[in-house]
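Structure at a glance
If you want the building blocks of each chain, they are given just below.
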Amino acid sequence: MHFYVLTLFPEMITQGLATSIIGRAMAKEIISLEAVNIRDYTANKHKKVDDYTYGGGAGMLMQAQPVYDAWNAVAAKIEEKGRRGRDTRVIYVTPQGRTFRQSMAKEFAAEEDLIFLCGHYEGVDERVLEEIVTDYVSIGDYVLTGGELPAMVMIDAIARMVPGVLSNSDSAETESFSNYLLEYPQYSRPESWMGKKVPEVLLSGDHRKVDEWRLEQSLKKTKELRPDLYEKWERENQEYFIRKAKREARKRKKAACREK
Ligand code: ADE
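Here's a quick rundown of the structure. All values derive from a computational prediction rather than experimental measurement.

In this section: a nonpolar patch on the surface. A cluster of nonpolar side chains, contributed by F9, M12, Y142, L144 and L149, occupies part of the molecular surface with about 440 Å² of accessible area. Structurally, the position occupied by L149 is in helix α6 (residues 148-159).

Glancing now at the site of the ligand. Within the structure, the ligand sits among V93, T94, P95, V137, S138, I139, G140, Y142, V143, L144, G146 and P150. Taking I139, its main chain carries an N or O atom lying 3.0 Å from a nitrogen atom of the ligand. A distance of 3.2 Å is found between a nitrogen atom of the ligand and a backbone nitrogen or oxygen belonging to G140. About the coverage of the ligand: the protein hides 96% of its 260 Å² of free accessible area. One can see that the ligand is located within the largest pocket.

With that settled, the discussion passes to the layout of surface pockets. As a volume, the largest pocket reaches approximately 460 Å³. In terms of lining residues, the largest pocket is bounded by 25 residues, among which Y92, V93, T94, P95 and G123 are the most central. Taken together, the elements giving at least two residues each to the lining of the largest pocket come down to β5 (89-99), α5 (126-132) and β7 (135-138). Looking at which element gives the most residues to the lining of the largest pocket, the answer is β5, with 5 residues. Classifying every residue of the lining of the largest pocket by side-chain character gives 13 nonpolar, 10 polar and 2 charged.

Next up on the list: the nonpolar core. Judged by nonpolar contacts, the single largest core of 31 residues is most densely connected at F3, I31, F100, F116 and I158. At the level of secondary structure, the elements contributing two or more residues to this core comprise β1 (2-7), α2 (20-27), β2 (32-37), β5, α4 (102-109), β6 (113-118) and α6. Sort the elements by how many residues they give to this core and α6 lands first, with 7 residues. Residues within four places of I158 in sequence aside, it is in contact with M1, F3, F100, A105, F108, A109, L114 and F116. Core analysis: the second largest hydrophobic core is formed by 22 residues, M62, W71, A75 and V133 among them.

Another aspect to go through is the sheet that holds β5. Read across the sheet, 5 strands follow the order β2-β1-β6-β5-β7 without closing on themselves; strand pairing throughout is parallel. Of all strands in the sheet, those with a lone pairing partner are β2 and β7, marking the two edges. Strand-to-strand twist across the sheet, computed as the mean angle between neighbouring axes with direction ignored, equals 30°. Judged from the 5 bridges that link them, β5 and β7 form a sheet pairing that is parallel. Paired with R98 across the strands is V137, a residue of β7. Against the sheet, α4 touches β5, β6 and β7, its axis set at about 170° to β5. The sheet strands contacting α6 are β1, β2, β5, β6 and β7, and the helix crosses β6 at an angle near 160°.

The rules behind these values
Residues numbered from 1 in each chain as written. Predicted model: local features only at pLDDT ≥ 70, side-chain atom pairs only at ≥ 80, totals over all residues. Heavy atoms only, no water. Patch = residues over 30% accessible without salt bridge, like charges linked within 9 Å, V, L, I, M, F, W, Y side chains within 5 Å. Areas by Shrake-Rupley, 256 points an atom, 1.4 Å probe, with all protein chains shown as cover. Salt bridge = Lys/Arg side-chain N within 4 Å of Asp/Glu carboxyl O. Helix = DSSP H or I, 4+ residues; strand = E, 2+ residues; numbered from the N terminus. Near = heavy atom within 4 Å. Polar contact = N/O pair within 3.5 Å; in protein donor to acceptor, adjacent residues only side chain to side chain. 1 Å grid on protein atoms, 1.4 Å probe; cavity = no way out; pocket = protein on both sides within 12 Å on 5 of 7 lines; lining within 4 Å. Sits in = over half its atoms within 2 Å of the grid points. Points joined across faces, edges and corners; volume = space filled by probe spheres on them. Nonpolar A, V, L, I, M, F, W, Y, C, P; charged D, E, K, R; others polar. Core = buried A, V, L, I, M, F, W, Y, C linked by side-chain atoms within 4.5 Å. Buried < 20%, exposed > 50% of the residue type's maximum accessible area, 1.4 Å probe, protein only. Contact = heavy atoms within 4.5 Å. Pairing = 2+ DSSP bridges. Axes fitted to C-alpha atoms, helices over the stretch in contact; angles between N-to-C directions.

Below, the structure written as structure tokens:
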């Protein structure tokens, strides 16, 4: 998968994503990342990319021309490689967009190419947004100084959904949010630390019991910390509760038989 980021601060993007899992995935050529400096495409002889807003108001606006030409260059490059350059999805990162979620990360991870547009100053001239943007996406209800951090957040979340990026291929599926549940607590060595013991069931070697315990813990944690997610899970997993109720009824029946 190939990421392209249109930005005024390309080094922020390349340096921010060069290490750890994403850096390794790039070294293995599972993903690629190119940060394109919008300033390189300005027709202004002073390399200016922003100007005052028509109608007045504070702050400067990124102009349409350099943004459009930077996008055009990237689209042409993708086309040269035999892919659908001008049809590539262009994500404008903005607090006015739809809130980014795990399901979006999964959807974007299925694309071959993705272009991000990072705004700065007071925003970007509306006309170029209308011309090139396919998705308006926010990372949350707060305002940052620019789109670079949100783009990095999204690239990280999308890239880890690309097959081969995570070393254990199924770990992307079992984690928080893939099924609305938060992850269960996990423990590593030693068995006892500062007087706190690892739960007995995890040392038992009984995988069925471990799975059951983990699900119960996930449910407990989600109910406590994210009741909104818990409700969604409950709605979609009615049959889990039905199965559980039947299991418990069977247990009660057995115990009653034994007592007789
Ligand atoms: N640009 C500034 N703030 C942002 C946010 N919260 N999400 C996406 N882009 C932004």
